[in-house]
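In case you want the letters, here they are:
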Amino acid sequence: MTTKLTACLIVKDEEELLPSCLESIRDICTEIIVVDTGSKDKTKEIARSFGAKVYDYQWQDDFAKARNFSLEQATGEWILYLDADETLLSEDKEKLKDMLTTNAQGYFVRILNLTEDNNPLAVETSISLRLFRNREEYRFTGSLHEQIAANILEIEPEAKLLQSDIRILHSGYLTSVVSSKAKKERNLALALKQVEGNPKDPFMLFNLGVEYLRLKDYPQSVLYFDQAKKLGNPKAMWYSKIYKSYVLALLNQSNWQEALKLLDEGLEIYPDYTDLVFLQGIAYLYNDQYPRAVGSFYQCLTMGPAPIPPYGSAEAALAGYKAHYALAQTYEKLNKLAEAIIQYQQCFQKNSHYLQPLYHIAGILLKHEEDSAVSEYMEKFFNTENPNHLVFLADIFCSNDELELARKYLSLVQDDKTVTNQVNYLLGLCYLKESQYEKAMPHLKAVSSGNRFYIQAQIYLAYCFLNLGKNEEAEKVLDALPATQNTYAFLAKLFMQEAEKLLKEGLELYPESKLLQKELTLVQKGIKQYGSIT
């Protein structure tokens, strides 16, 4: 007899993500419950098309209440709960079915949190109790970051809550699907309300710190992380994450010394937590302690990924390609360029989706080798029969201001309609870098509105208008753009890059100027924070 499994979701306006989620579970669930909290798109219609039972629910600023409402509708013997931005990995379905025949009360699964677009190896793994028996006394608690494990253990102190290697892929942290600022502010309000009612609860204090960290309010996040650290139990599975989050907040305030002090404390308690060793290396790197940074990053490679459990979350990449990348960056600072290139190569070998090391390799080689030799060398990393690979090569050389080389690769694919937008975008950027604004503009205008480069192309178009003294035209272009955080970030980075050029020119005239060097460091940090725009 088949054991009945009910999947429970709470959703709102998830028409883009919901189909993938439901497709991943439809063949193992005997019932799907979708609780809708006020969708205005086609979410409910999509859910019904997958055979889900859809229930409307008045949102009450409480995730636990919404989850519990979904449980009340479930008739299965087991509950699997997910969010719309999650999918169950197909290769784990049979294992999940087997787990339903045991005497356990619930199972922790691994949540693979994707953190970078187009980079499937950029993952932070966490664990969460997502599969449990359907009993009316088992209910969620917590208006934000709701939990059920503690409730189950309170009802059944001897309950078996077992670890599993079932994996759920979570895409909600990606830039392409990132939560709106309004949603983050909603979560902040819920976290504040929780702390007001439970001012001495370390987990709630930690969650409030996390919400401030997501909003980049680093001083406030530090305040609540510190309180959580003082009140929490270091044996709790989530407690080690305090150190990681706390250090990230300090690093974003350039408070290297406090970060290093906190890392020493954390590593005394959690010596095998690789994530903290990696952050120690970053703190050393930013504090110009390059030999120590090298030691920390090599230690990450030796240690391997942090074990889960006992840790509630860890990033395997910090013991892999990201450690190689950080080593390469450090060797560049030490002017050990041969070692840097080796580490960049190893980074790319471990993650061929991550192309940033190739930009750096080209940048180093172009300073010391003939352009033709560098071009030939870089082609070894690509399939030159593939139009997209040729575009990447063009972008690498454009980013390193080798514009003729960039145009050479673009000329090879200029008639290929599959990469028309990318070619126009990069040609426009090449001409812009040469201050040939009139030539740049037709290419930038040709980037279609649905393309991922459209916003950048429009901003560069406005930049061309400004440099031609056509301020009104520039204003019209900018006014027509969506007022999103990505638009503002791109604008900020563009003007920071201009500031970087000016400061570098100033340092050529006044190489001993500490003021100019300080300002250049700050600007470059800002550019790095906003990421690549080409």
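All figures in this text were calculated on a predicted structure; none of them were measured in a lab.

A. Main features of the side chain of glutamine 280. Structurally, glutamine 280 can be placed in helix α11 (residues 274-286). Residue glutamine 280 is classed as buried on the basis of its relative accessible area, which comes to 10%. Leaving out residues up to four positions away in the same chain, glutamine 280 has contacts with Leu260, Leu263, Asp264, Leu267 and Ser296.

B. Examining helix α17 (residues 387-399) more closely. Taking 1.5 Å as the rise per residue, α17 with 13 residues should run 18 Å; its terminal C-alpha atoms sit 18 Å apart, in good agreement. Those residues of α17 hidden inside the fold are in contact with α15 (356-366), α16 (371-378), α18 (403-411) and α19 (420-433). In this structure asparagine 386 caps α17, since a side-chain oxygen of it lies 2.8 Å from the backbone nitrogen of asparagine 388. Directly beyond the C-terminal end of α17, a positive phi value near 60 degrees is found at aspartate 401.

C. How the structure looks around the pattern of salt bridges. Evaluated as defined, the whole model comprises 25 salt bridges. Lysine 44 is paired through a salt bridge with aspartate 56; the nearest N and O atoms lie 2.9 Å apart. One end of the pair, lysine 44, is in helix α2 (residues 43-49); the other, aspartate 56, is in strand β3 (residues 53-56), and twelve residues separate them in sequence. Taking relative accessible area as the criterion, lysine 44 reaches 22% and is therefore assigned partly exposed. Glutamate 265 is the partner of lysine 229 in a salt bridge, and the nearest nitrogen-oxygen pair spans 2.9 Å. Of the two residues, lysine 229 is situated in helix α8 (residues 218-231) and glutamate 265 in helix α10 (residues 256-269); the sequence distance between them amounts to 36 residues. The class for glutamate 265 is partly exposed, based on a relative accessible area of 34%. Residues joined by salt bridges that share partners form a network here, namely Glu124, Lys241, Lys244, Asp275, Glu315 and Lys322.

D. Molecular detail of the packing of aromatic side chains. Within this structure, the stated rule accounts for 28 aromatic pairs. With 5.4 Å between their ring centres and 70 degrees between their planes, tyrosine 325 and tyrosine 354 make a pair best called edge-to-face. Of this pair, tyrosine 325 sits in helix α13 (residues 321-333) while tyrosine 354 sits in the loop between α14 (337-350) and α15, placing them 29 residues apart in sequence. Of the two residues, tyrosine 325 and tyrosine 354, both sit in the buried class. Members of the aromatic cluster, joined through ring pairs, are Phe203, Phe206, Phe225, Trp238, Tyr239, Tyr243, Tyr246, Tyr270, Tyr273 and Tyr311. Directly above the aromatic system of tyrosine 81 lies the positively charged group of arginine 130, at a separation of 4.7 Å from the ring centroid.

E. Looking closely at the pairing of strand β6 (residues 106-114). With eight of nine residues buried, β6 lies mostly within the body of the structure. Examined bridge by bridge, β6 and strand β7 (residues 123-133) share nine bridges and lie antiparallel to one another. Bridged to phenylalanine 108 within β7 is leucine 129. As paired strands, β6 and strand β8 (residues 161-170) are joined by seven bridges and run parallel to one another. Its bridge partner being in β8, isoleucine 111 is matched across the sheet by isoleucine 168.

Quick notes on the rules
- Position labels on residues start from 1 in each chain and follow its written sequence.
- In view of the model being predicted, local features appear only for residues whose pLDDT reaches at least 70, and side-chain atom pairs are presented and counted only at 80 or more, with totals across whole chains, interfaces and linings using the full set of residues.
- To get the side-chain values, all heavy atoms of the structure are used, and hydrogens and water are removed first.
- Helix and strand definitions follow DSSP, with helices as H or I runs of at least four residues and strands as E runs of at least two, each counted in order from the N terminus.
- Each residue gets one of three labels from its accessible area relative to the maximum for its type: buried under 20%, exposed over 50%, partly exposed in between, using a 1.4 Å probe on protein chains only.
- A contact between two residues is defined here by any heavy atoms of the two lying within 4.5 Å.
- Here a helix's expected span is defined as the number of its residues, less one, multiplied by 1.5 Å.
- Contacts described as polar in this section are N or O atom pairs within 3.5 Å, which, within protein, must combine one atom able to donate a hydrogen with one able to accept it, while residues neighboring in sequence count only if both atoms come from side chains.
- Salt bridges are counted wherever a side-chain nitrogen of Lys or Arg sits within 4 Å of a carboxyl oxygen of Asp or Glu.
- What counts as a ring pair is set by centres within 6.5 Å for rings of Phe, Tyr and Trp (its six-membered ring), and what kind of pair is set by the plane angle: stacked under 30 degrees, edge-to-face over 60, tilted for all other angles.
- Think of it as a cone above the ring: NZ of Lys or CZ of Arg counts as a charge over the ring if it is within 6 Å of the ring centre and within 35 degrees of the ring normal.
- The rule for pairing is simple: two strands pair if DSSP sees at least two bridges between them.

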